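A look at the structure
Listed here are the chains, written in short residue letters.
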Amino acid sequence: MIPKLPIRERNSHKGTYGRVLLIGGSRGMAGAISISGMAALRGGAGLVCIAAPDAVVDVVASFHPCYMTIPLPCDENGRLCRAALDPILLAANSATCVALGPGMGRSEDVDFLTNELFRKIECPLILDADGISGLQIENLSVNAIQGARVLTPHPGEMERFSGAAASNRDLQKQMAASIAKKFGWTIALKGYQTVVTNGERTEVNSTGNPKMAAGGSGDCLTGLIAALIAQGLSPYKATHLGVVIHGKAGDLAAARFASPSVLATDIIELLPEAFAWSSLV
């Protein structure tokens with residue numbers, strides 16, 4: 001059984017389906033956060049806003065007309081700087097769900113922002129990509145975190161985050177469950193048969209295929225999970241459903257396109273068919 005989204009009422013409006021705030025991007029990686037934004041739109045969020053460095057925010061805005069953008073202070077390399085903290089916290093006050101990390105890059109200031117935002121944002125927050133790599137878990141205490149948290153590491157990020165080697169899938173699964181249980185998080189350990197765990201429950205996904213092993217696929221998943229949380233699913237159920245839908249869209253794309261890989265934009269294009277499939281299983 002996979003989670004289901006609630007039926008949309010006839011008298012609902014965009015505010016009914018939540019506000020997603022996505023934070024990320026940097027010079028040379030504006031596409032990553034834009035893919036997250038497009039996936040959040042197609043995933044059903046009522047409103048989507050991308051907060052990105054001022055140096056790339058116009059590029060981000062050019063990818064799709066249906067999400068909003070917020071320009072943030074950045075350094076000379078086009079990465080977020082510490083001065084972005086207060087504007088992000090202000091924007092997060094009106095968000096239903098926040099996602100942080102795609103295309104953000106790494107620097108001392110970016111890591112500072114990651115750890116401050118991870119502690120202080122009160123609504124559910126999804127941490128992905130460079131955000132996971134910059135998280136200083138050794139400095140965290142359970143009571144210091146304000147809201148629900150979802151982490152979506154691939155094996156390399158899980159190794160940097162937990163110390164468990166990317167080549168040791170079994171140990172990484174154990175570490176994911178242990179960390180999730182300790183902090184009350186949801187973790188989606190990506191890869192073949194992605195594992196979703198909160199330490200108490202674990203789901204092993206059966207959708208997806210090797211053609212999805214291409215840049216941007218994980219950014220798509222981040223935006224999709226954010227949209228599902230914004231529509232009212234719990235972080236665990238949203239992550240479970242998001243992983244299944246994401247993989248199914250990848251399966252549909254692999255069958256449709258005779259190419260060695262599936263692009264993240266192909267996955268987004270086929271999310272509607274994947275949602276239709278999920279309503280029948």
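See the structure shown above.
Residues numbered from 1 in each chain as written. Predicted model: local features only at pLDDT ≥ 70, side-chain atom pairs only at ≥ 80, totals over all residues. Heavy atoms only, no water.

**A look at the overall build of the chain**
When its secondary structure is counted, the chain shows 11 helices and nine strands. Radius of gyration (C-alpha) of the chain: 17 Å, near the 19 Å computed for a compact globule of 281 residues. Overall size of the chain, expressed as C-alpha extent along the three principal axes, is 45 × 40 × 40 Å. For the chain, with 281 residues in total, the buried portion stands at 55%. Excluding contacts between residues fewer than 6 apart, the proportion of contacts in the chain whose partners are at least 24 apart in sequence is 66%. In the form shown here, the chain has an accessible surface area of approximately 12,000 Å², with 52% of it arising from carbon and sulfur atoms. In the chain, the 24 positive side-chain charges and the 24 negative ones have mean positions that sit 7 Å from each other. (Helix = DSSP H or I, 4+ residues; strand = E, 2+ residues; numbered from the N terminus. Rg over C-alpha atoms; globule rule 2.2 N^0.38 Å. Buried < 20%, exposed > 50% of the residue type's maximum accessible area, 1.4 Å probe, protein only. Contact = heavy atoms within 4.5 Å. Areas by Shrake-Rupley, 256 points an atom, 1.4 Å probe, with all protein chains shown as cover. Lys, Arg positive; Asp, Glu negative; His and termini not counted. Charge placed at Lys NZ, Arg CZ, Asp CG, Glu CD.)

**Description of the packing of helix α6 (residues 155–162) against helix α7 (residues 169–183)**
Contact geometry of α6 with α7 gives a least axis separation of 11 Å together with a crossing angle of 60 degrees. In terms of their interaxial angle, α6 and α7 are classed as oblique. Note that α6 runs across α7; the crossing there is left-handed. Side by side, α6 and α7 meet where P155, M158, E159, F161 and S162 of the first sit next to R169, Q172, M175, A176 and I179 of the second. Looking at the contact of α6 with α7, its residues break down into six nonpolar, two polar and two charged. (Axes fitted to C-alpha atoms, helices over the stretch in contact; angles between N-to-C directions. Parallel < 35°, antiparallel > 145°, perpendicular 65-115°, else oblique. Left-handed = near helix turned anticlockwise from the far one by under 90°. Nonpolar A, V, L, I, M, F, W, Y, C, P; charged D, E, K, R; others polar.)

**What about helix α11 (residues 271–278)?**
For α11, the complete set of buried residues consists of L271, A274, F275 and S278. Projected onto a plane normal to the axis of α11, the buried residues spread over an arc of 100 degrees and lie on a single side. Among the structural elements, α1 (30–42), α8 (217–230), α9 (235–256) and α10 (264–269) are those in contact with the buried residues of α11. (Arc of directions from axis to C-beta.)

**Re the pairing of strand β1 (residues 19–23)**
In terms of residue burial, β1 counts as a mostly covered element, since four of its five residues are buried. Direction of pairing for β1 relative to strand β2 (residues 47–53): parallel, over a ladder of five bridges. From the neighbouring strand, V20 faces β2, where its bridge partner is V48. Assessed by its sense of winding, the connection that carries the chain from β1 through α1 to β2 is right-handed. (Pairing = 2+ DSSP bridges. Right-handed = clockwise from strand over helix to strand, strands pointing away.)

**A look at the pattern of salt bridges**
Scanning the entire structure with this criterion turns up nine salt bridges. For the salt bridge of D111 with R106, the shortest nitrogen-to-oxygen distance reads 2.8 Å. Judged by relative accessible area, D111 falls into the buried class, the value being 14%. R106 sits in the partly exposed class, given a relative accessible area of 37%. (Salt bridge = Lys/Arg side-chain N within 4 Å of Asp/Glu carboxyl O.)

**Some remarks on the packing of aromatic side chains**
Under the definition given, this model contains two aromatic pairs. Aromatic side chains F118 and W185 sit 5.3 Å apart centroid to centroid with 85 degrees between the ring planes, which places their arrangement in the edge-to-face category. Residue F118 is found in helix α4 (residues 108–120), and its partner W185 is found in the loop between α7 and β7 (186–189); the two are separated by 67 residues along the sequence. The pair formed by F118 and W185 is uniform in burial state, with each residue classed as buried. Measuring from centroid to centroid gives 4.4 Å for F183 and W185, while their planes differ by 15 degrees, and the two rings are stacked. A relative accessible area of 9% means that F183 is categorised as buried. Joined through ring pairs, the aromatic side chains of F118, F183 and W185 make up one cluster. Looking at R82, its charged tip hangs above the ring of F112, at a distance of 4.2 Å from the centre. The ring of F118 has R149 lying over it, and the distance from NZ or CZ to the ring centre is 5.3 Å. (Phe/Tyr/Trp six-rings, centres within 6.5 Å; stacked < 30°, edge-to-face > 60°. Lys NZ or Arg CZ within 6 Å of the ring centre and 35° of its normal.)

Take it as geometry only, folks, not as evidence of what the structure does.
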